[in-house]
Amino acid sequence: AGQYEWRMEAKIGDDVFPNLTGFRRKSVDIVAFQQGQPFAVISSKWGIRHDRVRDPQEEADTYKQQVPSLQFFVVTNEFDNARLQKVLTYPTIDGVFHVRRDLVWQVYDPIPDDLAGLKDFTDLFPFFS
């Protein structure tokens, strides 16, 4: 509290990333600013459709070109192993958080090694404490 300024649906080109006026996305889901600079982006994806799995990857790459120290996180409710792997293993995505990881573990019991990096949504909070 007090260390970050939060903006939801921050407008690209106006509220954040002023040099990205031509980027195909118009806004960022959630941005945490620290001392007026973008510190972290949280991209929320309820599901990761097979034809849009590249979206969070493109966001992470593009935003980090603007602010290399930026942390980029994905919060999702996706259950498909292959789709989760594509965001979990992408190098510019710093963390993937599931709203009900415990249910993912129940679906895939035993937990596949390739999903071991999936974090619970509550694990996101310490990044901002």
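In what follows, the accompanying structure is described. (Residues numbered from 1 in each chain as written. Predicted model: local features only at pLDDT ≥ 70, side-chain atom pairs only at ≥ 80, totals over all residues. Heavy atoms only, no water.)

**Some remarks on the pairing of strand β5 (residues 95–98)**
Next, step 1: Both faces of β5 are covered, namely the face carrying Gly95 and Phe97 and the face carrying Val96 and His98.
Next, step 2: Relative to β5, strand β4 (residues 71–76) is paired through 4 bridges, and the arrangement is parallel. For Val74, the partnering residue across the bridge sits in β5 and is Val96.
Next, step 3: For the crossover from β4 across helix α2 (residues 81–88) to β5, the handedness is right-handed.
Next, step 4: Of the crossover connections in this fold, the one passing from β5 over helix α3 (residues 101–107) to the parallel strand β6 (residues 119–120) is right-handed. (Buried < 20%, exposed > 50% of the residue type's maximum accessible area, 1.4 Å probe, protein only. Helix = DSSP H or I, 4+ residues; strand = E, 2+ residues; numbered from the N terminus. Pairing = 2+ DSSP bridges. Right-handed = clockwise from strand over helix to strand, strands pointing away.)

**Overview of the nonpolar core**
Next, step 1: The biggest cluster of nonpolar side chains holds 28 residues, and the ones touching the most others in it are Phe17, Val28, Val41, Tyr63 and Ile93.
Next, step 2: Phe17 has contacts with Ile12, Val28, Pro38, Val41, Tyr63, Gln66, Val67 and Leu70, leaving out every residue within four places of it along the chain.
Next, step 3: By size, the runner-up hydrophobic cluster in this structure holds 9 residues, among which are Ala32, Val75, Phe97 and Leu124. (Core = buried A, V, L, I, M, F, W, Y, C linked by side-chain atoms within 4.5 Å. Contact = heavy atoms within 4.5 Å.)

**So, the sheet that holds β5**
Adjacent strands of a sheet form backbone hydrogen bonds with each other and so pair up, either parallel or antiparallel.
Next, step 1: Strand order in the open sheet formed by 6 strands is β1-β2-β3-β4-β5-β6, with mixed pairing between adjacent strands. One side of each edge strand has no neighbouring strand; the edge strands of this open sheet are β1 (5–11) and β6.
Next, step 2: Across 6 bridges, strand β3 (residues 37–45) lies against β4 in parallel orientation. Bridge pairing links Val41 to Phe72 in β4.

**Notes on the pattern of salt bridges**
Next, step 1: Throughout the structure, instances matching the rule amount to 9 salt bridges.
Next, step 2: Of the charged contacts in the structure, one is a salt bridge between Asp61 and Arg54, with a shortest N-O distance of 3.6 Å.
Next, step 3: Members of the salt-bridge network, linked through shared partners, are Arg24, Asp55 and Glu58. (Salt bridge = Lys/Arg side-chain N within 4 Å of Asp/Glu carboxyl O.)

**Here's the deal with helix α1 (residues 54–66)**
Next, step 1: For α1, built from 13 residues, the straight-helix expectation of 18 Å at 1.5 Å per residue is met to within 8% by its first-to-last C-alpha distance of 19 Å.
Next, step 2: Within α1 the residues assigned to the buried category are Asp55, Pro56, Gln57, Glu59, Ala60, Asp61, Thr62, Tyr63 and Lys64.
Next, step 3: In this fold, the buried residues of α1 make contact with β2 (27–34), β3, β4 and α2. (Expected span 1.5 Å × (residues − 1).)

**Some words on the environment of Pro18**
Next, step 1: Assignment of secondary structure puts Pro18 in the loop between β1 and β2.
Next, step 2: Separated by 48 residues in sequence, Pro18 and Gln66 have C-alpha atoms that sit 9.1 Å apart.

**Focus on the packing of aromatic side chains**
Next, step 1: Counted by the stated rule, this structure contains 13 aromatic pairs.
Next, step 2: Measuring from ring centre to ring centre gives 4.9 Å for Trp6 and Phe128, while their planes differ by 65°; the resulting arrangement is edge-to-face. Here Trp6, found in strand β1, pairs with Phe128, found in the segment after β6; they are 122 residues apart in sequence, far enough to count as distant.
Next, step 3: When its relative accessible area of 44% is taken as the criterion, Trp6 is described as partly exposed.
Next, step 4: By relative accessible area, which is 11% here, Phe128 ends up buried.
Next, step 5: Considering the side-chain rings of Phe73 and Phe97, the 5.7 Å spacing of their centres and the 75° angle between planes classify their relative orientation as edge-to-face. Here Phe97 lies in strand β5 and Phe73 lies in strand β4, a separation of 24 residues in the sequence.
Next, step 6: For Phe73, a relative accessible area of 1% corresponds to the buried category. (Phe/Tyr/Trp six-rings, centres within 6.5 Å; stacked < 30°, edge-to-face > 60°.)

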